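Chain by chain, the residues run as shown.
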Amino acid sequence: LGNVSPLMVARRLAFAVRDIAEDEEHEKQEATEKLSQKPLLIKGTEGMVVCFAKCCQPIPGDVVIGIFDAGRGIMVHMEQCKEINSLRNTDKCIYLSWEENVCGDFEVDLQVEALNERGLLANLTMAIASAQANIESINVSRTREQDSLIELTVAVKSRDHLAKVMRRIRILRGIAKISRKK
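Reference entry: report on the structure contained in this document. Keep in mind that this is a model prediction, so the values were computed, not measured. (Residues numbered from 1 in each chain as written. Predicted model: local features only at pLDDT ≥ 70, side-chain atom pairs only at ≥ 80, totals over all residues. Heavy atoms only, no water.)

1. Some thoughts on unusual backbone geometry
Consideration 1: Positive phi outside glycine occurs at Gln57, with the angle close to 45°.
Consideration 2: Looking at the element boundaries, Gln57 is found in the loop between strand S1 (50–52) and strand S2 (64–69). (Helix = DSSP H or I, 4+ residues; strand = E, 2+ residues; numbered from the N terminus.)

The following block contains the structure:
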């Protein structure tokens, strides 16, 4: 029917025939050879189009699931993404893992609740810059008289990098809450 790519069918057959440990060693060897030019982002997606879901914005370090779409390749989602609940136990769903040496920036949406005081935005941007991250977009709105809701998109390299950014923001004076939007 064309619902599953031939590469995924072949891979599943190979797993059934070979011992899993041998297969992992073989995949690592192949990945190492291909990484000599440019690191892959997701293991096992050689020759396939890989897209990252906008709904959950997976970053290196997140547990990820791939959803195969005949027209778009593999769409990578976080494991707890609500958008894929109906597809979770189908042939279109495959568990994925990140390559070890992923490089690049990944966008993540953050939501910050803070007291609205002079210099807050300047301090927030300085904290993010000091954590070696970049702000891609920012939106500030008032929730109540003394509170601000700041929604921002930052570019980070991994979950560890995101945690560092969030720690730098959390210690600022006037910050009530910070969370990753999923």
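2. Some remarks on the sheet that holds S2
Consideration 1: Overall, mixed pairing links the 4 strands, which are arranged S1-S3-S2-S4 in an open sheet. Each having just a single partner strand, S1 and strand S4 (93–96) make up the two edges of the open sheet. Neighbour-to-neighbour, the strand axes of the sheet open up by a mean angle of 35°, direction not taken into account.
Consideration 2: Summarising the sheet, S2 and strand S3 (residues 73–78) pair through 6 bridges and their orientation is antiparallel. Across the sheet, the residue bridging to Gly66 is Val76, located in S3. (Pairing = 2+ DSSP bridges. Axes fitted to C-alpha atoms, helices over the stretch in contact; angles between N-to-C directions.)

3. As for the packing of aromatic side chains
Consideration 1: As enumerated under the stated definition, the model contains 3 aromatic pairs in all.
Consideration 2: Aromatic pair Phe52 and Phe106: ring centres 5.7 Å apart, planes at 85°, arrangement edge-to-face. With a gap of 54 residues between them, Phe52 in strand S1 and Phe106 in strand S5 (residues 106–115) connect regions that are remote in the sequence.
Consideration 3: Judged by relative accessible area, which is 23%, Phe52 ranks as partly exposed. (Phe/Tyr/Trp six-rings, centres within 6.5 Å; stacked < 30°, edge-to-face > 60°. Buried < 20%, exposed > 50% of the residue type's maximum accessible area, 1.4 Å probe, protein only.)

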